[in-house]
Protein chains: 2
Amino acid sequence: MSWTLTAADLPDLARGATLLGTGGGGDPYIGQMLVTQVLGDRSITVLDPDEIADDLFVIPTAQMGAPTVMIEKIPAGTEPLAALRTLEAHLGRTAEATMPIECGGINSMIPLIVAAESGLPVIDADGMGRAFPELSMETFAVYGVNGSPLALAGERGEHVIIDTGADNRQMESFARAITIRLGGVAHIAEYAMTGADVRRTAVPRTLSMARNIGGAIREAREQHRSPFAAIAETLAKTLYSEVRELHLGKVIDVERRTTQGFARGRALIESLDGAGPPLEIAFQNENLTACRGNELLAIVPDLICVVDHETAEPITTEGLRYGQRVRVLGISTPELMRSPGALETFGPSAFGLDRAFVPVEHLGGIVISRA
Amino acid sequence: MSWTLTAADLPDLARGATLLGTGGGGDPYIGQMLVTQVLGDRSITVLDPDEIADDLFVIPTAQMGAPTVMIEKIPAGTEPLAALRTLEAHLGRTAEATMPIECGGINSMIPLIVAAESGLPVIDADGMGRAFPELSMETFAVYGVNGSPLALAGERGEHVIIDTGADNRQMESFARAITIRLGGVAHIAEYAMTGADVRRTAVPRTLSMARNIGGAIREAREQHRSPFAAIAETLAKTLYSEVRELHLGKVIDVERRTTQGFARGRALIESLDGAGPPLEIAFQNENLTACRGNELLAIVPDLICVVDHETAEPITTEGLRYGQRVRVLGISTPELMRSPGALETFGPSAFGLDRAFVPVEHLGGIVISRA
């Protein structure tokens, strides 16, 4: 169902999008501030993918870069729309809607900035169903939409158009190279497609899902109920229906470096009772694996989310600190993100991991009971 | 005067362009082979800049990358024209001529490949008056033509358009980043301009000068005359009228590394009689300074050319080897390459050198007498 988004929805959306960021995706708080500023008391139309015309022309918009840089290098706010306009001019066609390429982290907010500035509607769907570190890691790409041509806008009016045909990895490589030269953050428009393409290739209703998760956590806190049960209950009605608690513990070590345009590293989380080996989370912008000793508990593309042990506030990779008490959640991804083509594009091997994908619901996490 | 170029001109042009490459610019031999192959027994019209219409629309074409890579990664030959066509499509305007951005090294040949493939004429002029390592180091830029928009073509059909407005250094930075991702070599079209712009901003008649130098060296060898006197005599009639012998000696050390898309390093050349300190040449793709002990003998943008001590065959940076007997020549550049704006763009400070520019004719090189 299509719906209307106002500034009042943004805190819930930001909280949910941070959870779906699985440690990465950039802190949506900055994006939320930008949307709030541009939107004022107006509203944005969020279109349900089942309700759009087959020939609706959609240009998704996003920010790219290392989350560690994104929180220090604040955009002016005009770059995402500049990227969209650059792609429109190149294609000789005007966008009728924008859309997230990624529903986790700041990229849940960037299309809203574009929508608030341009009056365009936003499609309630995205191409990652979470956050991923690379532009080629899109369900759009898995199911046959090319990322090229991509338009990139810099903060000083720079414009770049990249066309690598069907080679989305080369597109990612070129755009990453430019982003590094821009200091680590750029804004892009890519994966231009029709309404029919959206229905065929996108993960549906992920913006509303993010808002609903964020709202469920808030309401549970207000009503002194378990926010973890609220998350499980909310997701039970979605394509992300399996929720597991993988670990409860204290962060005892974080190793993090920003290299080649990514934030890479690992975190160690000791059990609160000190029993058993610590949980180790490896990340490239986003969390990739959660292992306790030799036991795999969750692996990409399933979601591995670190949250505060009591409030369920999601904690991003760059927010991880020694001593934090956290719970680690594992959440199942929709079937269209677990197909052989999807796993080739953003499964373990796409990150250089030599482990096979195993659904989180078949591993050793504890089922979180619904409220 | 406009003239007609055939395959028979290419060996002379390549030799002269290698000299003007001042150690860099890429080995024109590979370019010569490509032109020969495409051209066959046809010819190319080379237009004198004084004879073109004010509104002639010119798109220069070039290769960019580290010369050390260029000699190992041979282009298919279709990339330079693909870059030109990409820029035409972006600008919505068809080129009426192409032109070198650089007369030294392989970039003397790239526009000839485009001309042979497309039938376009080539302007007898360029924007460096020699070779320089960066796309921003152009007399075009010094006198007010922007490099942007730049079109870049890769060997697998990739197309990129870069528009950084008046910021030619940012354009260079973006294009270099993409070139590195392409493995070290890319082909570009940039500095689109009118015939009037060419007359105002280009170094005139440098293609014919390269051909004439190459021809003079060849003829002197055939006639058992001094090729050095022949070079001096040929250049006396041009804007490059001062020729000096800076050193005669043996290469005793070469330090060279390919880093950040450039070939950087230094060469040491001992005197043949062993007297005095060796000559040290520092380079970034091209030779930047020639010093003997504390004595500066020539400095960028003047030309520092290492040639065989007997045949005057020019030796590029990547061709330098221990034991070679060489002469080092210093050649003055035209006044439009020594203006304050020019020195800011491609003088010593543009390469991070903390020495002031001193014209080679005011330094300690020995005047080479004309034949």
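Everything quoted here is computed from the prediction, not taken from an experiment.

### As for the pairing of strand β8 (residues 159–163) of chain B
Of the pairings in the sheet, the one linking strand β8 (residues 159–163) of chain A to β8(B) comprises five bridges and is antiparallel in character. Paired with Asp163(A) across the bridge in β8(B) is His159(B). Taken together, the four bridges between strand β7 (residues 150–153) of chain B and β8(B) define a ladder with antiparallel strand orientation. Bridging across to β8(B), Ala151(B) finds its partner in Ile161(B).

### What about the nonpolar core?
In terms of nonpolar packing, the biggest core is built from 60 residues, with Ile123(A), Leu152(A), Val198(A), Ile123(B), Leu152(B) and Val198(B) touching the most fellow members. Once residues lying within four places of it in the same chain are set aside, the contact partners of Ile123(B) are Leu47(B), Pro49(B), Ile52(B), Leu56(B), Val58(B), Ala97(B), Thr98(B), Met99(B), Pro100(B), Val198(B) and Leu207(B). Residues Val122(A), Val142(A), Ile217(A) and Met337(A) belong to the second largest nonpolar core, which totals 58 residues.

### Re the domain arrangement of chain A
Residues and elements named next belong to chain A. Each assigned domain of chain A is listed here: domain 1 (3–204) and domain 2 (225–367). Here the C-alpha centre of domain 2 lies 24 Å away from the C-alpha centre of domain 1. On the side of domain 2, 36 residues touch domain 1, which itself brings 37 residues to the contact. Buried area between domain 1 and domain 2, summed over both chains or domains, comes out near 2,800 Å², and the portion from carbon and sulfur atoms is 68%. At the boundary of domain 1 with domain 2, the tally comes to one salt bridge. Counting residues per element, the ones that place at least two in the side of domain 1 that touches domain 2 are α1 (10–20), α3 (67–70), α6 (139–142), α7 (168–181) and β11 (203–204). Counting residues per element, the side of domain 1 that touches domain 2 draws most heavily on α1, which supplies four residues.

### Topic: the packing of helix α9 (residues 206–222) of chain B against helix α10 (residues 227–236) of chain B
Two measures define how a pair of helices packs: the angle their axes make with one another and the distance between the axes. Residues and elements named next belong to chain B. Put simply, α9 and α10 touch, their axes get as near as 8 Å, and they point 150° apart. With respect to α10, the element α9 is oriented roughly antiparallel. Here α9 and α10 pass one another in a crossing that is right-handed. Taking contact as the criterion, the partners of Met 209, Asn 212, Ile 213, Ala 216, Ile 217 and Ala 220 in α9 are, on α10, Pro 227, Ala 230, Ile 231, Thr 234 and Leu 235. Looking at the contact of α9 with α10 residue by residue, the classes come out as nine nonpolar, two polar and no charged.

### Quick notes on the state of the cysteines
Scanning the entire structure with this criterion turns up zero disulfides over all chains. Of all cysteine sulfurs in the structure, the one in Cys305(A) sits closest to Cys103(A), which takes part in no disulfide; the separation is 11 Å.

### So, the sheet that holds strand β1 (residues 3–5) of chain B
Residue and element names in this part refer to chain B. Overall, mixed pairing links the three strands, which are arranged β1-β2-β5 in an open sheet. Whereas interior strands pair on both sides, the edge strands pair on one side only; in this sheet they are β1 and β5 (122–123). When strand β2 (residues 44–47) meets β5, the two strands line up parallel, connected through two bridges. Across the sheet, the residue bridging to Val 46 is Val 122, located in β5. Packing of α9 onto the sheet brings it into contact with β1, β2 and β5, and relative to β1 it is tilted by some 60°.

### Some remarks on helix α10 (residues 227–236) of chain A
Residues and elements named next belong to chain A. For α10, the tally of buried residues reaches eight of ten residues, placing the bulk of the element in the interior. Buried residues of α10: Pro 227, Phe 228, Ala 229, Ala 230, Ile 231, Ala 232, Thr 234 and Leu 235, and no others. Elements that come into contact with the buried residues of α10 comprise α9 (206–222), β12 (243–259), β17 (303–308) and β18 (325–331). The backbone nitrogen of Phe 228 lies 3.1 Å from a side-chain oxygen of the residue at the head of α10, namely Ser 226.

### Concerning the side chain of Glu79(B)
Residues and elements named next belong to chain B. Its place among the elements puts Glu 79 in helix α4 (residues 79–91). Looking at Glu 79, the relative accessible area reads 4%, which means it is buried. There is a polar contact of 2.9 Å between the side chain of Glu 79 and the backbone nitrogen of Gly 77. Once you skip the residues sitting within four places of it in the chain, Glu 79 turns out to touch Ala 153, Gly 154, Glu 155 and His 187.

### Concerning the environment of Gly65(A)
With respect to the element layout, Gly65(A) can be found in strand β4 (residues 61–65). Each C-alpha atom, one on Gly65(A) and one on Phe262(A), is 7.0 Å from the other, the two residues being 197 residues apart in sequence.

### Some words on the layout of surface pockets
Residues and elements named next belong to chain B. The volume enclosed by the largest pocket comes to roughly 290 Å³. Arg 205, Ser 208, Met 209, Asn 212 and Thr 238 are the residues nearest the centre of the largest pocket, which is lined by 15 residues in total. Counting residues per element, the lining of the largest pocket draws most heavily on α9, which supplies four residues. The residue inventory of the lining of the largest pocket, partitioned by class, reads six nonpolar, four polar and five charged. When we break the lining of the largest pocket down by domain, the ones giving at least three residues each are domain 1 (3–204) and domain 2 (225–367).

### Focus: the pattern of salt bridges
For the coordinates displayed, the defined rule picks out 42 salt bridges over all chains. Arg221(B) serves as the salt-bridge partner of Glu313(B), at 2.4 Å between the closest nitrogen and oxygen. Here Arg221(B) lies in helix α9 and Glu313(B) lies in the loop between β17 (303–308) and β18 (325–331), a separation of 92 residues in the sequence. The partner of Arg257(B) in a salt bridge is Glu255(B), with the nearest N and O atoms 3.7 Å apart. Classification of Glu255(B) by relative accessible area gives partly exposed; the value is 40%. Look at the salt bridges and you will find they share partners, linking Asp12(A), Arg15(A), Arg218(A), Arg221(A), Glu222(A) and Glu313(A) into a network.

### Considerations on the sheet that holds strand β4 (residues 61–65) of chain B
Neighbouring strands of a sheet are bound in pairs by backbone hydrogen bonds; such pairs are parallel or else antiparallel. Taken together, the eight strands give an open sheet; going across it, the order is β4(A)-β9(A)-β7(A)-β8(A)-β8(B)-β7(B)-β9(B)-β4(B), and neighbouring strands pair in antiparallel fashion. With partners counted over all chains shown, the strands left at the sheet margins are β4 of chain A together with β4 of chain B, one partner each. With strand direction ignored, the average angle separating the axes of adjacent strands in the sheet is 25°.

### A look at the environment of Ala192(A)
All names here are of chain A. With respect to the helices, strands and loops of the structure, Ala 192 is situated in the loop between β9 (185–189) and β10 (193–194). Residue class for Ala 192 comes out partly exposed when judged on its relative accessible area of 24%. Along the backbone, Ala 192 and Thr 316 are 124 residues apart, and their C-alpha atoms lie at a distance of 29 Å. Not counting residues within four places of it along the chain, the set of residues in contact with Ala 192 comprises Phe 57, Val 58, Ile 59, Pro 60, Leu 87, Leu 91 and Val 145.

Reading the values: rules and limits
- Residues numbered from 1 in each chain as written.
- Chains lettered and ligands numbered in written order.
- Predicted model: local features only at pLDDT ≥ 70, side-chain atom pairs only at ≥ 80, totals over all residues.
- Heavy atoms only, no water.
- Pairing = 2+ DSSP bridges.
- Helix = DSSP H or I, 4+ residues; strand = E, 2+ residues; numbered from the N terminus.
- Core = buried A, V, L, I, M, F, W, Y, C linked by side-chain atoms within 4.5 Å.
- Buried < 20%, exposed > 50% of the residue type's maximum accessible area, 1.4 Å probe, protein only.
- Contact = heavy atoms within 4.5 Å.
- Domains from an automatic or database assignment.
- Buried area = accessible area lost by both parts, 1.4 Å probe.
- Salt bridge = Lys/Arg side-chain N within 4 Å of Asp/Glu carboxyl O.
- Axes fitted to C-alpha atoms, helices over the stretch in contact; angles between N-to-C directions.
- Parallel < 35°, antiparallel > 145°, perpendicular 65-115°, else oblique.
- Left-handed = near helix turned anticlockwise from the far one by under 90°.
- Nonpolar A, V, L, I, M, F, W, Y, C, P; charged D, E, K, R; others polar.
- Disulfide = S-S within 2.5 Å.
- Polar contact = N/O pair within 3.5 Å; in protein donor to acceptor, adjacent residues only side chain to side chain.
- 1 Å grid on protein atoms, 1.4 Å probe; cavity = no way out; pocket = protein on both sides within 12 Å on 5 of 7 lines; lining within 4 Å.
- Points joined across faces, edges and corners; volume = space filled by probe spheres on them.

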